[in-house]
Amino acid sequence: MAANFWTSSHFKQLLDQEEADVVPSIDKERGLTLEEFKLIKVHMTNYIARLAQYVKVRQRVVATAVTYFRRVYVRKSMTEYDPRLVAPTCLYLALKAEESTVQARLLVFYIKKIYPDEKYRYEIKDILEMEMKLLEALDYYLVVYHPYRSLTQFLPDAGLTDLTHLSWSLVNDTYRMDLILIYPPYMIALACIYIASVLKEKETTAWFEELRVDMNVIKNISMEILDFYDSYKIIPDEKINVTLNKLSKS
């Protein structure tokens, strides 16, 4: 693993917003809009988290799996790489990378328990085959740095340990967006602390000034998070099904 974030493959792979907001041409031909592309990614992020609950793994594993999932679709299309198979395979890969191995057959068992829909039904061999494709799609770069570590360092420094639970929940929710592909993890952590401090009416201006971070970037990330809550409070199953069906058209 890289000694620190700034020398890691994660840092070298950070994208601009415009690079993250691209729908592959083959998916566009199926009628998939950018909004629908994002919708599927949110839905599959929720799916990964739900499946992870069943196999009882740490939040860090979920975060790594979701990061892999989002990295894959910067390079590959959903038409060719069915997200219903990519999502559990990303979790399987993340479990290995984070040294929390769970057997593929257990994932397959719980997938069948969670989703009666035939289109989610995959067997062990499907996951193992997709694993090899995902490793190639990710260029074998499996190192992911997360905001959690920065969060646990910043909060005591700011005297805001009482905001730990709220800030941590906010960080969890950032994985339902592409923020981890665009910003350094410590910036995401600071944005979550900023939101939490505003919500709880804590004065943090002097502390942020001491850090000498670009507050415009912190506020931009914060606005993206808050906008997400406004836009994706509820995602109806019917809307997801209609969107996913576009990928299945011949």
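Here the structure is a predicted model, which means the values were calculated and not measured.

Participant: How should helix α10 (residues 164-174) be read in this particular structure?
Facilitator: The α-helix advances 3.6 residues per turn, and as a result positions three or four apart in sequence lie on the same side. When we look at burial in α10, the residues that qualify are Ser 167, Leu 170, Val 171 and Thr 174. The buried residues of α10 occupy an angular sector of 100° when projected down its axis, which confines them to one face. On the buried face of α10, the contacting elements are α9 (147-158), α11 (179-182), α12 (185-199) and α14 (215-231).

Participant: Please clarify how unusual backbone geometry should be interpreted in this entry.
Facilitator: Most peptide bonds take the trans form, and the phi angle of most residues other than glycine is negative. In this model, Tyr 140 sits at a positive phi of 65°, which is unusual for a non-glycine residue. The backbone of Arg 212 sits at a positive phi, close to 55°, despite the residue not being glycine. Looking at the secondary structure, you find Arg 212 in the loop between α13 (205-211) and α14. Classification of Arg 212 by relative accessible area gives exposed; the value is 78%.

Participant: What's the story with the packing of aromatic side chains in this structure? I'm lost.
Facilitator: Where two aromatic rings form a pair, the distance of their centres and the angle of their planes describe that pair. As enumerated under the stated definition, the model contains 18 aromatic pairs in all. Taking the centre distance of 6.0 Å and the plane angle of 65° together, the rings of Trp 6 and Tyr 186 count as edge-to-face. Here Tyr 186 lies in helix α12 and Trp 6 lies in the segment before α1 (9-12), a separation of 180 residues in the sequence. Here the aromatic rings of Phe 69 and Tyr 73 are separated by 5.0 Å at their centres, their planes lie at 70°, and the arrangement is edge-to-face. Separated by four residues within a single helix, Phe 69 and Tyr 73 lie in helix α5 (residues 59-75), roughly one turn from each other. Note on accessibility: Phe 69 and Tyr 73 belong to one class, buried. Members of the aromatic cluster, each reached through a chain of ring pairs, are Phe 5, Trp 6, Phe 11, Tyr 145 and Tyr 186.

Participant: Sorry if this is basic, but what is going on with the layout of surface pockets here?
Facilitator: It is a probe the size of a water molecule, rolled over the atoms, that shows where empty space is left. Each pocket or cavity is described by its volume, and for the second largest pocket that value is around 290 Å³. Around the second largest pocket, the lining comprises 16 residues; the ones closest to its centre are Lys 38, Met 177, Asp 178, Glu 224 and Phe 228. Taken together, the elements giving at least two residues each to the lining of the second largest pocket come down to α4 (34-55), α11 and α14. At four residues, the largest contribution of residues to the lining of the second largest pocket is made by α4. Across the lining of the second largest pocket, the residue classes break down as six nonpolar, one polar and nine charged.

Participant: I tried to follow the environment of Phe 11 on my own but got confused; where do I start?
Facilitator: By the secondary structure assignment, Phe 11 is in helix α1. Sequence-wise, Phe 11 and Val 144 are 133 residues apart; in three dimensions their C-alpha atoms are separated by 9.1 Å. Dropping the residues within four chain positions of it, Phe 11 is found in contact with Phe 5 and Trp 6.

Participant: Hey, could you run me through the pattern of salt bridges in this one?
Facilitator: Side-chain pairs of opposite charge can arise where the charged atoms are in close proximity. What the rule picks out here adds up to 12 salt bridges. Across the pair Asp 126 and Lys 125 runs a salt bridge, and its minimum N-O distance is 3.4 Å. Overall, the relative accessible area of 53% leaves Lys 125 in the exposed class. Through salt bridges with shared partners, a single ionic network connects Lys 41, Arg 70 and Asp 178.

The rules behind these values
Residues numbered from 1 in each chain as written. Predicted model: local features only at pLDDT ≥ 70, side-chain atom pairs only at ≥ 80, totals over all residues. Heavy atoms only, no water. Buried < 20%, exposed > 50% of the residue type's maximum accessible area, 1.4 Å probe, protein only. Helix = DSSP H or I, 4+ residues; strand = E, 2+ residues; numbered from the N terminus. Arc of directions from axis to C-beta. Contact = heavy atoms within 4.5 Å. Phe/Tyr/Trp six-rings, centres within 6.5 Å; stacked < 30°, edge-to-face > 60°. 1 Å grid on protein atoms, 1.4 Å probe; cavity = no way out; pocket = protein on both sides within 12 Å on 5 of 7 lines; lining within 4 Å. Points joined across faces, edges and corners; volume = space filled by probe spheres on them. Nonpolar A, V, L, I, M, F, W, Y, C, P; charged D, E, K, R; others polar. Salt bridge = Lys/Arg side-chain N within 4 Å of Asp/Glu carboxyl O.

All we've got here are geometric facts, nothing functional implied.
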